[in-house]
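# Reading the structure
Each chain, letter by letter, is given below.
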Amino acid sequence: MPFPLLSIITPMYNAGVMLDSFMQSLLTQTLTNLEIIIVNDGSTDGSGERADVYAQQHAQVRVIHQPNGGVSRARNAGLAVARGKYVTFPDADDTVNPTMYQTLVEMAESDNLDAAQCNAEWFFQASQLIKPLIPHDRLRSTGVLSGPEWLNRALKTHRYMHVVWLGIYRRELIEQLQLYFEPGLHHQDIPWTTEFMLNARRVRYTDRVLYRYYMHDSSVSNRKRTGEKNVAYQRHYLKIAQMLEEINARYQHKVTIYPAFHYQITHEALSVCHSIRREPDAGARQAIIHDLFATQTHRRMLRNARGIRQWYQLLLWLSRLYRWRKK
C-alpha cells in the first residue's frame, strides 16, 4: 500500500456529540490521499466505540485505544504509527474546512515546505459569535520564509497561537529531531511548535480561514480553576517559560533568536501573574507566588522582557508580587 501524503493524528477523550461533525469534516476532505489516526485516550462516553464504527466503514480511518494518559502521549502514539509525508493534529471537538488539507499539502508540495499553516476562527458556542484567530489587518498570506522568520512575524501580530492544529508538518523533520510532545504538560504545543520552527527551513502561511475552534467551558484551556487545581495548572506555564528559554539557548548559535522569542517567555510567565490576582483562595495565591519565585521565573522574566509596554507590565507585577509575598 503506497504511503499517504498526510497523516491526521487526533487525540480523543470523551469527544461526545462533537465527534460526528469532526469526522464528517475529515471524511469530506477534497484531499483523499490521507490517513486518519484516532487515538482514543481512555474515553468513557462511548466515543471509542463510535470511532471504531468509522474505522469499520472507512479504510483510511484507524483507531488506537490506550488508557487515559493525556494529549501528549496520545499524539506521540499517533506519530509512532503515522506513515504520511506530512502530519497534522486537529482536535476531535473542532471542524476543518473541506479544502483545508488539500490547500496546505499543495502549498507544501509546490514550495518544498517543512510546514504550511493557515488561519482559523473561534466559534463561541454560548453566543454563536465567530472571530478570526489572526485578523487580516495583522497578517496576510506570506511567501516562503524560514521557520524563525515566520515565527517572528507571527508572534509580532500578538494574535498567533502556538497550536499544532494550524498546519501540517514534515514528518521526516520531526523524526530527525526526535521531536515529541512532553507527557503531562498542558499547552505542550508551545515548546513543540517553537522547536519545530527553529529547525524549519521553508514555511508558508495562508490567511484563508480553514479551521474552526469551538470555544466551550469544558475544554482544558477554558476550564475555570481555583485553589489547588489552579496552583497545579499554573505550574505548566512556569515550566513552559523555562522550556522556551532553554530552546532559545540551544539554538542561539544556529538561528536568529528574535526579540519576539524572548518576549514570548515573559508573556507566558505574566499569565501566571494574572492568575494570582484572579485566584480567590489566599492559600492558593501564596502557593503560586511561592512557585514563581522558587522556579526563578521572576529572574527569567527580567532576562527576557522586551519593549516598553512589557517592561512596564513586568515591573508593575513584580512590585505587587514582592508586596503580596509572605516570607
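Attention here is on the structure that accompanies the text. (Residues numbered from 1 in each chain as written. Predicted model: local features only at pLDDT ≥ 70, side-chain atom pairs only at ≥ 80, totals over all residues. Heavy atoms only, no water.)

### Things to note about the overall build of the chain
Selection criterion: Secondary structure elements are taken from DSSP: a helix is a run of H or I of four residues or more, a strand is a run of E of two residues or more, and numbering for both begins at the N terminus. Note that the radius of gyration is over C-alpha atoms, with the globule rule given as 2.2 Å times the number of residues to the power 0.38. The contact criterion used throughout is that any non-hydrogen atoms of two residues lie within 4.5 Å. Note on areas: Shrake-Rupley with a 1.4 Å probe; residue coverage comes only from the protein chains shown. Positive charge is attributed to Lys and Arg, negative charge to Asp and Glu, and no charge count is given to His or to the chain ends. The location of each charge is read from NZ of Lys, CZ of Arg, CG of Asp or CD of Glu.
The helix and strand inventory of the chain stands at 12 helices and 9 strands. Rg of the C-alpha trace for the chain: 20 Å, near the compact-globule value of 20 Å for 327 residues, within the 12% margin. Across the chain, the fraction of contacts at a sequence separation of at least 24, relative to all contacts at a separation of at least 6, is 80%. Summed over all atoms, the accessible surface of the chain reaches about 15,300 Å², with 51% contributed by carbon and sulfur. Separation between the mean location of the 40 positive side-chain charges and that of the 30 negative ones in the chain comes to 9 Å.

### Quick notes on empty space enclosed by the protein
The line we're drawing: Grid points spaced at 1 Å over the protein atoms alone were grouped into cavities, where a 1.4 Å probe fits but cannot get out, and pockets, open sets with protein on both sides within 12 Å along at least five of seven lines, with lining residues defined by an atom within 4 Å of a point. Grid points are joined across faces, edges and corners, and a volume is the space filled by probe spheres set on the points. Under the convention adopted here, Pro, Cys and the residues Ala, Val, Leu, Ile, Met, Phe, Trp and Tyr are nonpolar, Asp, Glu, Lys and Arg are charged, and Gly plus all remaining residues are polar.
Tallying each qualifying case throughout the model produces 1 cavity of 30 Å³ or more. Its boundaries defined by the atoms lining it, the largest cavity holds a volume of some 60 Å³. Taken together, Leu151, Leu155, His162, Thr194, Leu244, Asn248, Phe261 and Gln264 make up the lining of the largest cavity. For the lining of the largest cavity, the elements supplying multiple residues, two or more each, are α5 (147-155), α8 (227-251) and α9 (259-278). For the lining of the largest cavity, the per-class residue count stands at 4 nonpolar, 4 polar and no charged.

### Notes on the packing of α8 against α9
In helix packing, the relevant descriptors are the interaxial angle and the interaxial distance, both defined with respect to the helix axes. The cut-off we apply is this: Whenever a helix is involved, its axis is fitted only over the stretch in contact; in every case the axis is a line through C-alpha atoms, and angles between N-to-C directions fall within 0 to 180 degrees. By definition in this entry, angles of less than 35 degrees are roughly parallel, angles greater than 145 are roughly antiparallel, angles of 65 to 115 are roughly perpendicular, and the rest are oblique. Should the near helix be turned anticlockwise from the far one by less than a right angle, the crossing is termed left-handed; should it be turned clockwise, right-handed.
Direction vectors running N to C along α8 and α9 enclose 165°, while the axes themselves pass 9 Å from each other. One element, α8, and the other, α9, form an angle in the roughly antiparallel class. The two elements α8 and α9 meet at a crossing, and its hand is left-handed. Counted together, Asn230, Gln234, Tyr237, Leu238, Ile240, Ala241, Leu244, Glu245 and Asn248 of α8 and Phe261, His262, Gln264, Ile265, Glu268, Ala269, Ser271, Val272 and Ser275 of α9 form the full contact between these two elements. Grouping the constituent residues of the contact of α8 with α9 by class yields 9 nonpolar, 7 polar and 2 charged.

### Remarks on the pattern of salt bridges
Note the cut-off: By convention in these notes, a salt bridge is any Lys or Arg side-chain nitrogen within 4 Å of a carboxyl oxygen on Asp or Glu. The classification of residues rests on relative accessible area computed with a 1.4 Å probe and restricted to protein chains. Under 20% of the type maximum is buried, over 50% is exposed, and intermediate values are partly exposed.
The tally for this structure, following the rule as stated, stands at 14 salt bridges. Measuring nitrogen to oxygen at the nearest pair gives 3.8 Å for the salt bridge that ties Arg75 to Asp91. Taken as a pair, Arg75 in helix α3 (residues 71-81) and Asp91 in the loop between β4 (86-88) and β5 (95-96) lie far apart in primary sequence, 16 residues in all. Residue classification places Asp91 among the buried residues on the basis of a relative accessible area of 19%.

### Comments concerning the nonpolar core
Put simply, the rule is: Among buried residues, the Ala, Val, Leu, Ile, Met, Phe, Trp, Tyr and Cys ones that are joined through side-chain atoms within 4.5 Å form a nonpolar core.
Among the nonpolar cores identified, the biggest contains 77 residues, and Tyr169 and Phe196 are the most heavily contacted of them. The greatest single-element share of this core, amounting to 6 residues, is contributed by helix α4 (residues 100-111).

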